Amino acid sequence: MVYRFRVILDAQDDVFRDIEILEESTLEDFHNSIVNAFGFDGNEMAAFYISDDEWNQGEEISQFDLGEDLDSVRLMNETTLDSVVSKNQRKLIYVYDFLSMWTFLIELADIAEIEDGRDYPNLMYVHGQIPTDAPDKEFVADKNEYDDDDDSDLDLDNFDDLSYDDIWN
């Protein structure tokens, strides 16, 4: 089977590419297709994130294992598309270049039969020009239970006068 994806740059202007790729391809293959489709040089690190329907970032699938802990990290070159994408799990987030934070929203549009004579991956459609610089990102944390704490008894302008317990506890 062939997965047909729409890969959308998370920006104000409409910039997207439609890519079809074989379901048993790895996420590394898909990463290379995205890099080529958007004209990047491919020299920057990237990662995929499984996403829910509201585009909340979930589990990371990394290009390289940079961790030192014992937990294994899912890697692009070991993870096939059909293991993370399905009719029920249609969305991924892709981040290219962690300094610039090129962010793409990816949605599975269709699952189709393989067409004889067609090479995959296949760039089906191109819309919009990618900007020179990555769009600005606004990182806003969700409000948590500690946001309403009243710390008015602490004089943060006079930090040197605080004891160890005031600072760390």
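Here the structure is shown first, and the text comes after it.
Residues numbered from 1 in each chain as written. Predicted model: local features only at pLDDT ≥ 70, side-chain atom pairs only at ≥ 80, totals over all residues. Heavy atoms only, no water.

Caption draft 1: Quick peek at the nonpolar core. Grouped together as the largest cluster of nonpolar side chains are 30 residues, with contacts concentrated most on Phe5, Phe30 and Phe48. Breaking this core down by element, the ones donating at least two residues are strand 1 (2-9), strand 2 (16-22), helix 1 (27-38), strand 3 (46-51), strand 6 (91-96) and strand 7 (102-112). Per-element tally for this core: the top contributor is helix 1, with six residues. Ignoring sequence-local partners within four residues, the contact set of phenylalanine 30 consists of Phe5, Val7, Ile19, Ile21, Phe48, Leu81 and Ile106. Within the second largest apolar cluster, five residues are counted, among which are Ala47, Tyr49, Ile93 and Leu105. (Core = buried A, V, L, I, M, F, W, Y, C linked by side-chain atoms within 4.5 Å. Buried < 20%, exposed > 50% of the residue type's maximum accessible area, 1.4 Å probe, protein only. Helix = DSSP H or I, 4+ residues; strand = E, 2+ residues; numbered from the N terminus. Contact = heavy atoms within 4.5 Å.)

Caption draft 2: Spotlight on a negative patch on the surface. A grouping of Asp52, Asp53, Glu54 and Glu107 is seen on the molecular surface, where their side chains present a negatively charged patch. Following the sequence through the fold, aspartate 52 ends up in the loop between strand 3 and strand 4 (57-62). (Patch = residues over 30% accessible without salt bridge, like charges linked within 9 Å, V, L, I, M, F, W, Y side chains within 5 Å. Areas by Shrake-Rupley, 256 points an atom, 1.4 Å probe, with all protein chains shown as cover. Salt bridge = Lys/Arg side-chain N within 4 Å of Asp/Glu carboxyl O. Lys, Arg positive; Asp, Glu negative; His and termini not counted. Charge placed at Lys NZ, Arg CZ, Asp CG, Glu CD.)

Caption draft 3: Structural detail: the sheet that holds strand 7. Taking strand neighbours across the sheet as the criterion, the eight strands line up as 5-4-3-6-7-1-2-8 in an open arrangement whose pairing is mixed. Each of the sheet's edge strands pairs with one partner strand only, and the pair in question is strand 5 (74-75) and strand 8 (122-127). When strand 4 meets strand 5, the two strands line up parallel, connected through two bridges. In the strand pairing of strand 5, serine 62 is matched with leucine 75. (Pairing = 2+ DSSP bridges.)

Caption draft 4: Summary view of the pairing of strand 2. In terms of burial, strand 2 is a largely internal element, six of the seven residues being buried. Where strand 1 meets strand 2, seven bridges bridge the pair, whose relative direction is antiparallel. From the neighbouring strand, valine 2 faces strand 2, where its bridge partner is leucine 22. If you look at the hairpin formed by strand 1 and strand 2, you'll find six residues sitting between the two strands.

Caption draft 5: Representation of the environment of aspartate 110. With respect to the element layout, aspartate 110 can be found in strand 7. Taking the relative accessible area as the measure of exposure, aspartate 110 reaches 33% and is therefore partly exposed. Separated by 24 residues in the primary sequence, aspartate 110 and serine 86 place their C-alpha atoms 9.9 Å from one another.

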